[in-house]
Amino acid sequence: MTGADYAAREQAIATAIASFPDSAHAVLLEGLPQGNASLHPSAQIALQRIAPGCICCAGQLTLKVSLNRLLRPRPARLWLAMASSAHYDSLCELLKNAPYSEILLADQHISL
């Protein structure tokens, strides 16, 4: 999910997650919450927040470390929220390559 409003991105993911209450979810949010957060870590939700910026360029190490942590327990779904869709294709390309392709494509539950 993309968009300039952090709260709207987080709320959209929270709403989508509610449709799959019995699944394990991994959520990576770019940006920092403004006020009350819609999502909180739980038994079903692994949550990582990373500082705003281009997560596929400047923050690639941060992105990879965060993804590795989130995907280690093999969640049913991965949710990513970016401030801008400018590098959406680059992010998708990263996820299509090892080691992420082996994890994500095996389950076919990718939500970008």
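Rules and cut-offs
- Residues numbered from 1 in each chain as written.
- Predicted model: local features only at pLDDT ≥ 70, side-chain atom pairs only at ≥ 80, totals over all residues.
- Heavy atoms only, no water.
- Helix = DSSP H or I, 4+ residues; strand = E, 2+ residues; numbered from the N terminus.
- Buried < 20%, exposed > 50% of the residue type's maximum accessible area, 1.4 Å probe, protein only.
- Contact = heavy atoms within 4.5 Å.
- Areas by Shrake-Rupley, 256 points an atom, 1.4 Å probe, with all protein chains shown as cover.
- Expected span 1.5 Å × (residues − 1).
- Polar contact = N/O pair within 3.5 Å; in protein donor to acceptor, adjacent residues only side chain to side chain.
- Core = buried A, V, L, I, M, F, W, Y, C linked by side-chain atoms within 4.5 Å.
- Phe/Tyr/Trp six-rings, centres within 6.5 Å; stacked < 30°, edge-to-face > 60°.
- Lys NZ or Arg CZ within 6 Å of the ring centre and 35° of its normal.
- Salt bridge = Lys/Arg side-chain N within 4 Å of Asp/Glu carboxyl O.

Student: Now, about the overall build of the protein: what can you tell me, with residues and values included?
Tutor: Of the regular secondary structure elements, the protein holds four helices and four strands. Traced from its N-terminal end to its C-terminal end, the protein shows the element sequence α-β-β-α-β-α-α-β. Classification of the 112 residues of the protein by burial places 38% in the buried group. In the protein, the share of contacts with a sequence separation of at least 24, taken over all contacts with a separation of at least 6, comes to 57%. If you sum the accessible surface of the protein, you get close to 6000 Å²; carbon and sulfur atoms cover 53% of it.

Student: An account of helix α1 (residues 6-18) is needed here, citing residue identities and associated values.
Tutor: Here α1 spans 19 Å end to end across 13 residues, near enough to the 18 Å set by a 1.5 Å rise per residue. With a side-chain oxygen positioned 3.3 Å from the backbone nitrogen of Ala7, the residue opening α1 is Asp5.

Student: How would you sum up the nonpolar core? Please name residues and give values.
Tutor: Of all hydrophobic cores here, the largest spans 16 residues; its most connected members are Leu28, Leu67, Leu78, Leu80, Leu91, Leu95 and Tyr100. At the level of elements, β1 (25-30), α2 (60-71), β3 (77-81), α3 (88-96) and α4 (100-107) are the ones that each hand at least two residues to this core. In terms of residues, this core owes the most to one element, α2, which gives four residues. Judged by nonpolar contacts, the second largest core, of 12 residues, contains Ile17, Val27, Leu39 and Trp79.

Student: Break down the packing of aromatic side chains for me, citing the residues and quoting the values.
Tutor: All told, the structure shown has zero aromatic pairs when counted by the stated rule. Geometry around Phe20 places Arg77 over its ring, the cationic atom sitting 3.6 Å from the centre.

Student: Please provide a residue-by-residue account of the pattern of salt bridges, values included.
Tutor: The final tally for this structure, using the stated rule, is one salt bridge. With a closest N to O distance of 3.3 Å, Arg49 and Glu10 form a salt bridge. In this pair, Arg49 is assigned in strand β2 (residues 45-50) and Glu10 in helix α1, connecting sequence segments 39 residues apart. For Arg49, a relative accessible area of 27% puts it in the partly exposed group. You can call Glu10 buried: its relative accessible area is 2%.

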